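Listed below are the residues making up each chain.
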Amino acid sequence: GRVIREAAASHLALAGSHAPVFTVQDVVVQESGTLEVVAHNLAGDSKTEVFSAQATLADLAGWLAEWHGRSRTVFVDLPGRGAPTPFDCSNTLAEWTGAVLPLR
């Protein structure tokens, strides 16, 4: 049910599909508790975005797909963690990257 619907709606590409690849170079926890993400495309262009502490991998993939502009799905390489699948879409970016959020 819900997991399948979320995976199908996410912008994360399935293994074997044709989709652009982005590498997340850095995830930095800001003093405010937000996450600053630096990503690169295969051409070497980089872009930075700030996400809430509750942002999911689906949010990250949506931002990258929007940046690409021509593909609904993307592959995301998180060094040291590999590439999330659509079934990982509801995991938070902080959990997936191991970012340590400040206690509130």
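The shown structure was predicted, so the numbers you read here are calculated from the model rather than taken from an experiment.

Participant: Just to check I follow, could you spell out the pairing of strand β2 (residues 35–41) for this structure?
Facilitator: Both faces of the sheet carry side chains from a regular strand, because those side chains alternate between them. Taking burial as the measure, the seven residues of β2 include five buried ones, the bulk of the element. One ladder, built from seven bridges, connects strand β1 (residues 21–29) with β2; its direction is antiparallel. Along β2, the bridge assignment pairs Phe22 with Asn41. As consecutive antiparallel partners, β1 and β2 are separated by five residues, and within that stretch Gly33 has a phi angle of approximately 95°, a positive value. Across six bridges, β2 lies against strand β3 (residues 46–51) in antiparallel orientation. Within β3, the position partnered with Ala39 by the bridge is Lys47. With antiparallel pairing between neighbouring strands as the criterion, β2 and β3 make up a hairpin whose turn holds four residues, including Gly44 at a positive phi of roughly 95°.

Participant: Hey, could you run me through the side chain of Ser10 in this one?
Facilitator: Inspection of the secondary structure assignment puts Ser10 in the loop between α1 (2–9) and β1. A polar atom in the side chain of Ser10 sits 3.3 Å from the backbone nitrogen of Leu12. Once you skip the residues sitting within four places of it in the chain, Ser10 turns out to touch Ala58, Arg72, Thr73, Pro86 and Cys89.

Participant: Is there a simple way to explain the sheet that holds strand β4 (residues 75–77) in this structure?
Facilitator: Hydrogen bonds between backbone atoms are what pair the strands of a sheet, whose relative direction is either parallel or antiparallel. Pairing in this open sheet of four strands is mixed, and the strands run β3-β2-β1-β4 from one edge to the other. At either margin of the open sheet sits one strand with a lone partner, and together these are β3 and β4. Here the strands of the sheet are splayed against their neighbours by 30° on average, with no regard to which way each runs. Here helix α2 (residues 57–68) sits on the sheet and contacts β1, β2, β3 and β4; the angle it forms with β3, its principal contact strand, is near 140°.

Participant: I tried to follow the confidence of the model for the protein on my own but got confused; where do I start?
Facilitator: Low pLDDT means the predicted atomic positions in that stretch should not be read closely. Residue-level pLDDT values for the protein average 91, and 95% of them are 70 or greater. The least confident element of the protein, judged by mean pLDDT, is helix α3 (residues 93–97) at 86; the most confident is β3 at 97.

Participant: Before we go on, may I ask you to explain the pattern of salt bridges in this structure?
Facilitator: Here the idea is simple: oppositely charged side chains can pair when their charged atoms come close. Tallying each qualifying case throughout the model produces one salt bridge. Among the salt bridges present, the one from Glu6 reaches Arg2, with a minimum N-O distance of 2.9 Å. In this pair, Glu6 and Arg2 are both assigned in helix α1, four residues apart and thus about one turn of the helix distant. Taking relative accessible area as the criterion, Arg2 reaches 52% and is therefore assigned exposed.

Cut-off values and rules
- Every chain is numbered on its own, with residues counted from 1 as its sequence reads.
- Local features in this predicted model are restricted to residues whose pLDDT is 70 or higher, and side-chain atom pairs enter the listing and the counts only when it is 80 or higher, whereas totals over whole chains, interfaces and linings include all residues.
- Based on all heavy atoms of the structure, the side-chain values leave hydrogens and waters out of the count.
- When a residue's accessible area, from a 1.4 Å probe over protein chains only, is under 20% of the maximum for its type it is buried; when over 50% it is exposed; and in between it is partly exposed.
- For helices the rule is a DSSP run of H or I covering at least 4 residues; for strands it is a run of E covering at least 2, with both sets numbered from the N terminus onward.
- Two strands make a pair as long as DSSP finds a minimum of two bridges between them.
- Pairs of N or O atoms are called polar contacts if they sit within 3.5 Å, as long as, within protein, a hydrogen donor faces a hydrogen acceptor (for residues adjacent in sequence, only side-chain-to-side-chain pairs).
- In what follows, a contact means two residues having at least one pair of non-hydrogen atoms within 4.5 Å.
- Between N-to-C directions, angles span 0 to 180 degrees; the directions come from axes that are lines fitted to C-alpha atoms, helices contributing only their stretch in contact.
- Residue-level confidence of the predictor is summarised by pLDDT, bounded by 0 at the bottom and 100 at the top.
- We define a salt bridge as a contact between a side-chain nitrogen of Lys or Arg and a carboxyl oxygen of Asp or Glu at a distance within 4 Å.

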